[in-house]
Amino acid sequence: MRAVLGFGCVLAILLIACRPLRSDPPSGTGGHQGSGDSGGNGGSVTGGTFAMGGSSATGGSSGSGGGATFGGTTGSAGGAGSGGDAAGGVVAGGSAAGGKLGTGGVACTATSVPSSFAWSTGASLMDPVSDNSSHHLVAIKDPSLVYYSGRYHVYATVVDMAGNSNMTYSSFVDFASAGSATAYYMDYTSGFSGTRYSPQLFYMSAQKKWYLITQSSGPSYSTATDPGQASTWTKPSAFFSSTPNVVTQNAGSGAIAWSDFWVICDGANCHLFFSNQNNVLFRSQTSVGNFPNGFGTPAIVMQGSESNSLFAVSGVYRVTGTGKFLLLVEAVGSKGHFIRSWTADALDGSWKALTDTETNPFAGAANVTFSDVKWTGDISQGELVRSGYDETAAVNPCAMQFIFEGRDPHSSASPELLPWKLGLLTKNN
């Protein structure tokens, strides 16, 4: 979820306004993603390759599957169980209320967060797709994904040829069909023109509303009754009336004072995590009853000692059955972008390093293997595939998948124009 430095001038043919973007380090990332679709709400475009083989599976009785124990195979909207998805046979489940990941009938009995991670991946999952009219795109990145009502819903940042950022929405029934999903450009939605990027999608169960967290100059939220109706999001509203002093005071020389916003709630409070380009990680909170209003003065959670060591928040999750929370933050090392991890007993507690180095990462070059051509050397900004879709951001420790952004390791474009696209990791240990 990154912006890139400076102002790009929009090509005369583009409808997207000129937008400030955030700069990645010389060795790392930049830009924001693209995937294609309609021109002026007209004809849509599909495209991109898909990945992650795996045999299909059947099973699950009607209306069953994907329960709290994550056992059983699953169905679409409570229907008969449908096949395993393309991510190595993990079954995408669904009740009438949404979807949960299953493990093909094996109940999850984990009581602790995994202490080591090994991942497999294949070809890219989703590529940037232009519509040959107003959206000429070079990258798609910063994905936020939920499984709801029998479909995966993905909001992501997109970047055009001038280096300007906005967002796109697409949905698909399984990962095998992700690459051919139709894309909707969010600048067609009222209030989403100009610079807007780095989405997070979740359902606030007490309010019976969907929230889309985005950023421009700071964090904002929009609401809707259905994540699949991308044109119906309300105009983004800011969480803060101005940039908090503690954020400004810790910005250093970084061009972006705060970015990569993530909301997660426990029983009492909702917490807003974010980072900056000066290796500082922050947290603010408000009560569940007052959300989305009332976020207090941010507190510093941790500070990195090395450049780009706390580069971008990749999510905070409740790990089902363990009593633990898992924090993921992107870093940039000598071999590219990778994901670091920590755990805590409470969202406002102390974070203990889990796998937080380039040689022993949560996900990175050191522990990802490719079943196809190695299309990226970076494991960059993304999200764990959640077992639900509400504000608790729950994940299943027995069936972990991570949707991420990567790029051709030989690409040499300027940082804001690097050709990012999406991939999917499946934990195999």
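In every chain, residue numbers begin from 1 and rise along the written sequence. With pLDDT at 70 or above as the cut-off, local features in this predicted model cover only qualifying residues; side-chain atom pairs require 80 or more to be listed or tallied, and sums for whole chains, interfaces and linings still use all residues. In computing side-chain values, all of the structure's heavy atoms are included and hydrogens and water are not.

Chemist: Would you mind showing me how to read the overall build of the chain here?
Modeler: Working definition: helices are DSSP H or I runs of at least four residues, strands are E runs of at least two. Numbering for both runs from the N terminus. Along its length, the chain carries one helix and 24 strands. Accessibility here uses a 1.4 Å probe with only protein chains present; expressed as a share of the type maximum, an area under 20% marks a residue as buried, one over 50% as exposed, and anything in between as partly exposed. Buried residues in the chain amount to 59% of all 429 residues. Only the protein chains shown count as cover for residues, with accessible areas throughout obtained via the Shrake-Rupley method and a probe of 1.4 Å. When the accessible surface of the chain is split by element, carbon and sulfur atoms take 50% of a total near 14,700 Å².

Chemist: Teacher, can you tell me more about the state of the cysteines here?
Modeler: Linking two cysteines covalently via their sulfur atoms produces the bond known as a disulfide. In this description, the term disulfide denotes a pair of cysteine sulfurs within 2.5 Å. This structure, assessed with the given rule, holds one disulfide. Between the sulfur of cysteine 265 and that of cysteine 270 lies a disulfide, 2.2 Å long from S to S. Every disulfide takes its handedness from the sign of the S-S torsion; for cysteine 265 and cysteine 270 that torsion is 100°, giving right-handed. Take cysteine 270: its relative accessible area is 0%, and that puts it in the buried class.

Chemist: Hey, could you run me through the sheet that holds strand E22 (residues 394-395) in this one?
Modeler: The strands making up a sheet associate through backbone hydrogen bonding, with each pair oriented either parallel or antiparallel. Following DSSP output, two strands are said to pair if at least two bridges run between them. If you walk across this open sheet you meet the five strands as E19-E18-E17-E16-E22, and the pairing is mixed. Each of the sheet's edge strands pairs with one partner strand only, and the pair in question is strand E19 (352-353) and E22. Sheet topology places strand E17 (residues 324-333) next to strand E18 (residues 336-344); nine bridges connect them, and they run antiparallel. In the strand pairing of E18, glutamate 330 is matched with isoleucine 339.

Chemist: So what exactly am I meant to see when it comes to the environment of isoleucine 256 here?
Modeler: Mapped onto the secondary structure, isoleucine 256 falls in the loop between helix H1 (245-249) and strand E12 (259-265). The class for isoleucine 256 is buried, based on a relative accessible area of 15%. Between the C-alpha atom of isoleucine 256 and that of asparagine 276, which follows or precedes it by 20 residues, the distance is 6.2 Å.

Chemist: What exactly am I supposed to notice about the pairing of strand E23 (residues 401-406) here?
Modeler: Where a strand is regular, its side chains alternate between the two sheet faces. The buried fraction of E23 amounts to six of the six residues, a majority that puts the element mostly inside the structure. In this sheet, E23 lies alongside strand E21 (residues 380-384) in antiparallel orientation, the contact comprising four bridges. From the neighbouring strand, glutamate 383 faces E23, where its bridge partner is isoleucine 403.

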